[in-house]
Amino acid sequence: MTDTPEPTGRFASLAIPEFRRLWWGGVFVFLAMQTQQIARSWLAYELTGTNTALGGVLIGFGVAGLVAIPTGVFSPTASRSAPSSSPPSWSTPSRRC
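Conventions used here
- Residues numbered from 1 in each chain as written.
- Predicted model: local features only at pLDDT ≥ 70, side-chain atom pairs only at ≥ 80, totals over all residues.
- Heavy atoms only, no water.
- Helix = DSSP H or I, 4+ residues; strand = E, 2+ residues; numbered from the N terminus.
- Buried < 20%, exposed > 50% of the residue type's maximum accessible area, 1.4 Å probe, protein only.
- Areas by Shrake-Rupley, 256 points an atom, 1.4 Å probe, with all protein chains shown as cover.
- Phe/Tyr/Trp six-rings, centres within 6.5 Å; stacked < 30°, edge-to-face > 60°.
- Expected span 1.5 Å × (residues − 1).
- Patch = residues over 30% accessible without salt bridge, like charges linked within 9 Å, V, L, I, M, F, W, Y side chains within 5 Å.
- Salt bridge = Lys/Arg side-chain N within 4 Å of Asp/Glu carboxyl O.
- Polar contact = N/O pair within 3.5 Å; in protein donor to acceptor, adjacent residues only side chain to side chain.
- Contact = heavy atoms within 4.5 Å.

## Side note on the overall build of the protein chain
- Looking only at helices and strands, the protein chain features 2 helices and 0 strands.
- For the protein chain, with 97 residues in total, the buried portion stands at 4%.
- Element-wise, carbon and sulfur atoms account for 67% of the exposed surface of the protein chain, whose accessible area totals about 8,900 Å².

So this is what it looks like as structure tokens:
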């Protein structure tokens with residue numbers, strides 16, 4: 001029986017197929033969001049011809065980001081602060097007949 005060594009190094013986690021799929025999905029989402037921001041800003045500038053519209057679109061993205069980031073960070077802790085009387089549905093085994 002031959003033991004294959006575990007991959008080591010900076011990108012060793014990419015050897016796991018599920019993580020590699022998650023990583024590439026994150027890369028594509030990031031690129032899509034950046035492309036969307038550039039396209040919307042460019043469209044606002046082309047339609048109005050003013051830098052004010054361009055700034056308004058970028059401020060809109062910034063405000064939405066400032067609102068979304070704390071919401072995503074604090075949402076798991078908010079649900080844990082108020083205990084419920086019943087256990088979560090994922091912890092109860094399902095009965096199959």
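## What to know about the packing of aromatic side chains
- Scanning the model with the defined rule gives 2 aromatic pairs in all.
- On the numbers, 5.0 Å between centres and 80° between planes, the contact of Trp23 with Trp24 is edge-to-face.
- Members of the aromatic cluster, joined through ring pairs, are Trp23, Trp24 and Phe28.

## Some thoughts on helix 1 (residues 17-48)
- Compared with the 46 Å implied by 1.5 Å per residue over 32 residues, the 47 Å span of helix 1 between its first and last C-alpha is a close match.
- In the stretch just after helix 1, Gly49 is the one whose phi turns positive, near 75°.

## Re a nonpolar patch on the surface
- Taken together, Ile16, Phe19, Leu22, Trp23, Trp24, Phe28, Phe30 and Leu31 make up a surface patch of nonpolar side chains, about 850 Å² in accessible area.
- Tracing the backbone shows Phe30 in helix 1.

## Here's the deal with the environment of Leu43
- Looking at where Leu43 falls in the secondary structure, it is placed in helix 1.
- Separated by 14 residues in sequence, Leu43 and Val57 place their C-alpha atoms 9.7 Å apart.

## Looking at the side chain of Ser41
- With respect to the element layout, Ser41 can be found in helix 1.
- The class of Ser41 is buried, set by a relative accessible area of 7%.
- Here the side chain of Ser41 touches Gln37 through a polar contact of 2.9 Å, landing on its backbone oxygen.
- Beyond its immediate chain neighbours, meaning those up to four positions away, Ser41 contacts Leu54, Val57 and Leu58.

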